[in-house]
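Each chain, letter by letter, is given below.
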Protein chains: 2
Amino acid sequence: MKILIADDDPQILRALRITLTAQGYEIVTATTGTQAITRAVDHRPDVFMIDLGMPELEGIDVIHAIRGWSEAPILVVSGRSGAADKVEALDAGADDYVTKPFSIEELLARIRALTRRVAHEDSDPVVQLGDVTVDLSAHSVTRTRGGETEHVRLTPTEWQMLERLVRNPGKLVTRQTLLTEIWGSEHVSDTGYLRLYVAQLRRKLEPDPAVPRYLITEAGMGYRFDPDGGPVEPARETAHEA
Amino acid sequence: MKILIADDDPQILRALRITLTAQGYEIVTATTGTQAITRAVDHRPDVFMIDLGMPELEGIDVIHAIRGWSEAPILVVSGRSGAADKVEALDAGADDYVTKPFSIEELLARIRALTRRVAHEDSDPVVQLGDVTVDLSAHSVTRTRGGETEHVRLTPTEWQMLERLVRNPGKLVTRQTLLTEIWGSEHVSDTGYLRLYVAQLRRKLEPDPAVPRYLITEAGMGYRFDPDGGPVEPARETAHEA
DNA sequence: CGGGCGCCGTATGGATCCCGTAAGAACGGG
DNA sequence: CCCGTTCTTACGGGATCCATACGGCGCCCG
C-alpha cells in the first residue's frame, strides 16, 4: 500500500514517514503542489494525504488534478478548520478532511477506513488439493469435475482437523497437538479418533484415497499436509540423492 | 438517495430531517440501536448516520451489525471527541466520524463525499432461487409461476436471516454469527430460533422445501447459501461410488 | 532369517447430539 | 380486540461421533 504525502513542512513529513512506514505503508513525499502531481503520476499511490497550504499550487488544485485521472482516496490535512474550507475540499473530490493538530491514532484509523474500500483483495487462504479447492475463510470445499463444481460436505470435527493441517503447510502436526486442540487437553491417549477422521478426510479430498498425496501420515508422530501433492508416481525408487 | 439517521435526541433528528430533506434526500430515523437495525433492514438506506450514545444497543454494535450485510457508507456523529472513540468506530467499519457540535455545511459535504464513492459501485444484488427472485436493493421477493409473478411476504426477522446468507454466497454463516447479529450479543445458546426461521424461509423460497437446494444446512456449524442451487440429486453419504 | 509387536487403515454398530417440523402461548401494533 | 410476529415446547428422524474389532505393513529383536 503506497501513500503520497504532500506537505510543505518537512518536519511533519519526516514524522509521518516514520510513523506510516512502521505501519507497513510505502511512503512518497512531496513539498509543493506541482511536485505532488509529478510524483503522483510517477508512483501511482493508493492513497493521497494532501496539505492545503502548499506553495506553487493550491491544494484544491492538486485535488482537482488528481481526480482527473485517479479514483484513489484523498485525505486532506489542513490547518484551516473553517467549514468553508472543508466543503470546498470535499466537494473538489477529497474523501476526508482532518485539521491540524491531529491525533496520529485517529489519522491512522481514517487511513484504514479509506483503504478498506479500495483494498478488499486481501488474499483469501485458498488451498488446492488436485481438483478439490479448500477455502478456509468461507468454510467451503468444492470439487471441480469437468467444469462442474460440487460442494463437499465436511463435519465439524473433520473441519477442525483439516484446518490444523492446512494452516501448517508442509509442517508436521503432532498427534498430541491434534488430540489436545480438538478434543481437549485431557485427551492424550489415541483411541483411534485420528485414524478415523484422517481416513474420512482422505476419502472426501484425495484424488485416490488409497494413495494419499496431500494428507501424509508420519508414522509414529502425526500427520502432515503436503501442498505440492507429492510425487505423481510413488511406486518408483527414489532412494539416495545427495 | 436514502439516509438512515439514528440518534436518541428527537430534536436533532427533526432538524436533520428538515435540512436533509431540503437537499433532496429521503430520510429514515431511529432513536434506539435495535430500532436502527430493524429499520435498516426494512428500508435499505444508502447512507447511515449513527450516533454513538444510544440506548438498548451501543452504536459500535450497530456498526458491526450493519457491516454484517451492508457495504453502505457509515458516518458516525458523536459527542465524544476522544481519539480512542474515533479509532474504535472507524475500525469497526465506519467511514467517517464527526463530533458534535458540527457545521451542517460540513456534514452535507461529508455526506456528498461518501455518496460520491457509492454511486460508482454497481453491485446489483439480485439473486435467483429457482423460480423465486430476491432483490436485496428493492427489498422484494417475487415468485414467477407460468408467466405470472406473485409477491412473497417476509417478516423482518426472516429478512435479517436471508440477508446474512445471501450477502455471503457460498460462504458458511456460523450459527453463532446469526444469533449474535440478529438477536444481540447476549444470545449464544440456540433455543431453536434458527431452525424455525430457516424452515420458514425454505417454505417460502425453496422450490421443494423438503429438499433444500439453496439454503443448505451444515450440521453442527451453521447455514450456507448456495447460489448455484446445488446438484439436482442431493449428495448421498460418501460411500464408494465413482 | 523369522516371529512378535506396534502402528496404521478400514469397517461396523450403537449412543448421542442436532435438525426439521408442528402446534400453541406470549407479545405488540393497529 | 384482532391479527401478525415472535417465542416456547415437544417429538421423530437423521447425521455425527465414539467404541470396538480385524487385517496389513514395517520395524525391532531374538
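See the structure shown above.
Analysis parameters
Residues numbered from 1 in each chain as written. Chains lettered and ligands numbered in written order. Predicted model: local features only at pLDDT ≥ 70, side-chain atom pairs only at ≥ 80, totals over all residues. Heavy atoms only, no water. Pairing = 2+ DSSP bridges. Helix = DSSP H or I, 4+ residues; strand = E, 2+ residues; numbered from the N terminus. Axes fitted to C-alpha atoms, helices over the stretch in contact; angles between N-to-C directions. Contact = heavy atoms within 4.5 Å. Phe/Tyr/Trp six-rings, centres within 6.5 Å; stacked < 30°, edge-to-face > 60°. Core = buried A, V, L, I, M, F, W, Y, C linked by side-chain atoms within 4.5 Å. Buried < 20%, exposed > 50% of the residue type's maximum accessible area, 1.4 Å probe, protein only. Domains from an automatic or database assignment. Near = heavy atom within 4 Å. Polar contact = N/O pair within 3.5 Å; in protein donor to acceptor, adjacent residues only side chain to side chain. Nonpolar A, V, L, I, M, F, W, Y, C, P; charged D, E, K, R; others polar. Buried area = accessible area lost by both parts, 1.4 Å probe. Salt bridge = Lys/Arg side-chain N within 4 Å of Asp/Glu carboxyl O. Expected span 1.5 Å × (residues − 1). Arc of directions from axis to C-beta.

K.L.:
Sorry if this is basic, but what is going on with the sheet that holds strand E11 (residues 215-218) of chain A here?
P.N.:
The strands that make up a sheet pair up through hydrogen bonds in the backbone, lying either parallel or antiparallel. Residues and elements named next belong to chain A. With antiparallel pairing, the three strands of this open sheet are ordered in space as E10-E12-E11. Looking at which strands have only one partner, the edges of the open sheet turn out to be strand E10 (172-174) and E11. Taking each pair of neighbouring strands and ignoring which way they run, the sheet shows an average axis angle of 30°. In terms of strand pairing, E11 meets strand E12 (residues 222-225) through four bridges, oriented antiparallel. Counted as the bridge partner of Ile216 is Arg224 from E12. Across the sheet, helix H7 (residues 175-183) is in contact with E10 and E12; its angle to E10 comes to roughly 60°.

K.L.:
What is the right way to read the packing of aromatic side chains from this model?
P.N.:
The description of an aromatic ring pair rests on the distance of the ring centres and on the angle between the ring planes. Counted by the stated rule, this structure contains four aromatic pairs over all chains. Pairing Trp183 of chain B with Tyr193 of chain B gives two aromatic rings, centres 5.1 Å apart and planes at 25°, and the pair type is stacked. With a gap of ten residues between them, Trp183 of chain B in helix H7 (residues 175-183) and Tyr193 of chain B in helix H8 (residues 193-205) connect regions that are remote in the sequence. Here the aromatic residues Trp183, Tyr193 and Tyr197 of chain A are joined through ring pairs into a cluster of three or more.

K.L.:
So what exactly am I meant to see when it comes to the nonpolar core here?
P.N.:
Within the largest apolar cluster, 55 residues are counted, with the highest numbers of intra-cluster contacts made by Ile50 and Leu129 of chain B. Lining this core are residues from two domains, each supplying at least three of them: domain 1 (2-120) and domain 2 (126-225) of chain B. Residue contacts for Ile50 of chain B: discarding those within four places in its chain leaves Ala6, Gly59, Val62, Ile63, Ile66, Ile74, Leu75, Val76 and Val77 of chain B. Ranked by size, the runner-up nonpolar core spans 27 residues in total, among them Val134, Val152, Leu162 and Tyr223 of chain A.

K.L.:
I keep staring at the protein's contact with DNA strand C and nothing clicks. Help me out?
P.N.:
Around DNA strand C sit 18 residues, and of these Arg175 and Arg202 of chain A together with Arg195, Arg202 and Thr217 of chain B come closest. In DNA strand C, the atoms that sit within 4 Å of the protein are 52% sugar and phosphate, with bases accounting for the remainder. In the environment of DNA strand C, a base oxygen lies 2.8 Å from a nitrogen or oxygen atom belonging to the side chain of Arg195 of chain A. Sorting the residues of the surface near DNA strand C by element identifies helix H8 (193-205) of chain A together with H8 of chain B as the ones contributing at least two each. Of the residues contributing to the surface near DNA strand C, the split by class is six nonpolar, four polar and eight charged.

K.L.:
Can you walk me through the interface of chain B and chain A in this structure?
P.N.:
Many authors give the size of an interface as the accessible area that is lost as the parts come together. Contact residues are listed per partner, giving 39 residues for chain B and 36 residues for chain A. Both sides together, the interface formed by chain B and chain A hides about 3,000 Å², and carbon and sulfur atoms give 45% of it. Remark: the boundary between chain B and chain A carries six salt bridges. Linking Arg112 of chain B and Asp91 of chain A is a salt bridge whose minimum nitrogen-to-oxygen distance equals 2.8 Å. Inspection of the chain B/chain A interface yields 15 residue pairs in polar contact (both at pLDDT 80 or more). Breaking the side of chain B that touches chain A down by element, the ones donating at least two residues are helix H4 (83-92), strand E5 (96-99), helix H5 (104-120) and strand E11 (215-218) of chain B. It is H5 of chain B that contributes the most residues to the side of chain B that touches chain A, nine residues altogether.

K.L.:
Would you mind showing me how to read helix H1 (residues 10-22) of chain B here?
P.N.:
Within an α-helix, residues lying three or four positions from one another point in the same direction, as the helix has 3.6 residues per turn. All names here are of chain B. Helix length check: H1 (13 residues) gives 18 Å between terminal C-alpha atoms against 18 Å at 1.5 Å per residue, within 8%. Of all the residues in H1, the buried ones are Leu13, Leu16 and Leu20. For H1, the angular spread of buried residues about the axis comes to 70°, placing them on one side. Turned more than 90 degrees from where H1 packs its buried face, Pro10, Gln11, Arg14, Ile18 and Ala22 sit exposed. For H1, the side-chain oxygen to backbone nitrogen distance between the N-cap and Gln11 is 2.9 Å, and the N-cap itself is Asp9. Just past H1, the residue Gly24 takes up positive phi, approximately 100°.

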